[in-house]
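Chains, contacts and geometry: an overview
Given next are the chains, with one letter for each unit.
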Amino acid sequence: MVLVLSRTYFPDGTNGKLEWEGRFVCYTIELPRLNNTKQVSCIPEGEYVLRKRYSKKFRWHIEVVDVENRNAILFHPANNAQKELKGCIAPVMKLSGSGLGLESRQAFIKLKSLVYKSLEREEKVLLIVKS
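Read on for an overview of the structure. (Residues numbered from 1 in each chain as written. Predicted model: local features only at pLDDT ≥ 70, side-chain atom pairs only at ≥ 80, totals over all residues. Heavy atoms only, no water.)

1. Section: the overall build of the protein chain
Heads up, the condition is: Labels follow the DSSP assignment, with helices taken as runs of H or I lasting at least four residues and strands as runs of E lasting at least two, numbered in each case from the N terminus. The globule rule used here is 2.2 Å times the number of residues to the 0.38 power, and the radius of gyration it is set against is calculated over C-alpha atoms. Only protein chains enter the accessibility calculation, which uses a 1.4 Å probe. A residue is then buried if its area is under 20% of the maximum for its type, exposed if over 50%, and partly exposed in between. Two residues form a contact once any of their heavy atoms are found within 4.5 Å. Reported accessibility uses the Shrake-Rupley method at a 1.4 Å probe radius. Residues are deemed covered only where the shown protein chains occlude them. When charges are tallied, Lys and Arg are placed among the positive residues and Asp and Glu among the negative ones, while His and the ends of the chain are skipped. Where a charge lies is defined by one atom per residue type, namely NZ (Lys), CZ (Arg), CG (Asp) and CD (Glu).
A tally of regular secondary structure across the protein chain gives 2 helices and 10 strands. Overall, the protein chain shows an N-to-C arrangement of helices and strands of β-β-β-β-β-β-α-β-β-β-α-β. Radius of gyration (C-alpha) of the protein chain: 13 Å, near the 14 Å computed for a compact globule of 131 residues. Residues counted as buried form 47% of the 131 residues belonging to the protein chain. When contacts within the protein chain are restricted to residue pairs at least 6 apart in sequence, long-range pairs at least 24 apart make up 51% of them. With the model as given, the accessible surface of the protein chain reaches about 7,100 Å², and the carbon-plus-sulfur share is 49%. Both charge centroids of the protein chain, one from 22 positive and one from 14 negative side chains, sit 6 Å from each other.

As structure tokens, then:
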């Protein structure tokens, strides 16, 4: 499975559109592009492997593996990148501004279901991030 995240960068946040096989999955919000600085920047463009991850805070979610100079980069629900993200990616159903979105929990459930089905079939899940 290959997911493609096409981004648009703004000074106060990053918005994206996530697609699978050319079909819309959801939008995304992230922090602005600030040279991959930990806790304040979105991750660099590139190709990443996704995997299941569990934590007490987010329960079952999706981890972006092997991000250069970063760890624990996740897909998890959030509607405001500046207030709720520290480098992670939040799926949203609607964009409402730069780094702002709506209905994140609903988008996350949709994305997680899609990704987990592939992982349960032991397929490799890739994320391609581009502008």
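2. Quick look at the pattern of salt bridges
Basically, it comes down to this: Salt bridges are counted wherever a side-chain nitrogen of Lys or Arg sits within 4 Å of a carboxyl oxygen of Asp or Glu.
Taken as a whole and assessed by the stated rule, the structure comprises 9 salt bridges. Residue Arg7 is joined to Glu30 by a salt bridge in which the shortest nitrogen-to-oxygen separation is 2.7 Å. Within this pair, whereas Arg7 is found in strand β1 (residues 2-10), its partner Glu30 is found in strand β3 (residues 23-30), the two being separated by 23 residues in sequence. Among the residues examined, Glu30 registers a relative accessible area of 0% and is labelled buried. Here Arg51 ties to Glu63 by a salt bridge, and the two come within 3.0 Å at their closest N and O atoms. Within this pair, whereas Arg51 is found in strand β4 (residues 46-55), its partner Glu63 is found in strand β5 (residues 59-65), the two being separated by 12 residues in sequence. Judged by its relative accessible area of 10%, Glu63 is buried.

3. Focus on the nonpolar core
Rule in force here: Residues enter a nonpolar core if they are buried and are Ala, Val, Leu, Ile, Met, Phe, Trp, Tyr or Cys, with the set joined through side-chain atoms within 4.5 Å.
Leu3, Leu18, Leu50, Val64, Phe75, Leu111 and Leu127 are the most contacted members of the largest nonpolar core, which has 24 residues in total. If you list the elements that add at least two residues to this core, you get β1, β3, β4, β5, β6 (73-75), α2 (104-120) and β10 (125-130). When residues in this core are grouped by element, the largest group, 5 residues, is from α2. When residues no more than four places from it in sequence are discounted, the contact partners of Leu111 are Leu3, Leu18, Val25, Ile62, Phe75 and Pro91. Among the nonpolar cores identified, the runner-up in size contains 9 residues, and Leu31, Leu74, Ala81 and Cys88 belong to it.

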